[in-house]
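Reading the structure
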Amino acid sequence: MSGGTRLENANPVIFQRSGQRLHTATEEDEDVHDPIDDREIFDILSINDPEHPLSLEELNVVEQIRVKVNDEESTVGVEFTPTIPHCSMATLIGLSIKVKLLRSLPERFKIDVHITPGSHASEEAVNKQLADKERVAAALENSSLLEVVNQCLSTRTI
């Protein structure tokens, strides 16, 4: 969030966090195959909003029901819903989600991050950018943009 800049959504609705998942003994046993599931991916998505001192979960931008995982086929899909239909941060939010997953998951996973259908004015353009590997790679070579993404991914004290 930049000082002095007018917020696009000055009064967002804030939702309660889902809380931490309890891990079972089987999940902690390194000798037992434990497939990655939607809750595990959702837990990874602890990401800060670029505009507010809140997480994407607290703003309901990411929800567990919008995370789809197929461990056997090595695919992860995440739909995210910007808080307003004309959110200028939508591409940055999607990029932050994609980077977090790329950094957290084994390389075998194909990651699809896109806007929830019908929730953003530029949905098609944003989805096209997020699906283009070359555009994502070029964005991450931009040191200023990478710094903003890293701020979204940094741990905040809650």
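Let me begin by describing the structure that accompanies this report. Model, not experiment: these values are computed from the prediction.

With that settled, consider the side chain of His120. Assignment of secondary structure puts His120 in the loop between strand S3 (110–115) and helix H4 (123–131). By relative accessible area, which is 9% here, His120 ends up buried. Side-chain polar atoms of His120 contact the backbone nitrogen of Ser122, separated by 2.9 Å. In this structure, His120 is in contact with Pro82, Ile84, Pro85, His86, Cys87, Ala90, Ile115 and Val126, ignoring residues within four places of it in sequence.

Strand order in this open sheet of three strands is S1-S2-S3, and the pairing throughout is mixed. Since the sheet does not close on itself, it has two edges, and those belong to strand S1 (67–70) and S3, each with one partner. For this sheet, the mean angle separating the axes of adjacent strands, direction not counted, is 10 degrees. Where S1 and strand S2 (residues 75–80) come together, four bridges link them in antiparallel fashion. From the neighbouring strand, Val69 faces S2, where its bridge partner is Val76. Sitting on the sheet, helix H3 (residues 90–104) is in contact with S2 and S3, with an inclination near 160 degrees to S3.

Now for the nonpolar core. One finds Ile41, Leu45, Val78, Phe80, Ile97, Leu101 and Leu105 to be the most contacted residues of the largest nonpolar core, which totals 34 residues. Of all the secondary-structure elements, those providing two or more residues to this core are helix H2 (38–44), S2, H3, S3, H4, helix H5 (133–141) and helix H6 (143–153). If one sorts the elements of this core by residue count, H3 sits on top with seven residues. In this structure, Leu101 is in contact with Ile41, Ile44, Leu45, Val76, Val78, Ile111 and Val113, ignoring residues within four places of it in sequence.

In total, this model carries four salt bridges according to the counting rule given. With a shortest N-O distance of 3.1 Å, Arg66 and Glu79 are connected by a salt bridge. Within this pair, whereas Arg66 is found in the loop between H2 and S1, its partner Glu79 is found in strand S2, the two being separated by 13 residues in sequence. With relative accessibility at 27%, the residue Arg66 sits in the partly exposed group. For Asp71, the salt bridge identified is with Arg108, shortest N-O distance 2.9 Å. In this pair, Asp71 sits in the loop between S1 and S2 while Arg108 sits in the loop between H3 and S3, placing the two residues 37 residues apart along the sequence. The class for Asp71 is buried, based on a relative accessible area of 13%.

What counts and what doesn't
Residues numbered from 1 in each chain as written. Predicted model: local features only at pLDDT ≥ 70, side-chain atom pairs only at ≥ 80, totals over all residues. Heavy atoms only, no water. Helix = DSSP H or I, 4+ residues; strand = E, 2+ residues; numbered from the N terminus. Buried < 20%, exposed > 50% of the residue type's maximum accessible area, 1.4 Å probe, protein only. Polar contact = N/O pair within 3.5 Å; in protein donor to acceptor, adjacent residues only side chain to side chain. Contact = heavy atoms within 4.5 Å. Pairing = 2+ DSSP bridges. Axes fitted to C-alpha atoms, helices over the stretch in contact; angles between N-to-C directions. Core = buried A, V, L, I, M, F, W, Y, C linked by side-chain atoms within 4.5 Å. Salt bridge = Lys/Arg side-chain N within 4 Å of Asp/Glu carboxyl O.

Purely spatial values, then, with no claim about function.
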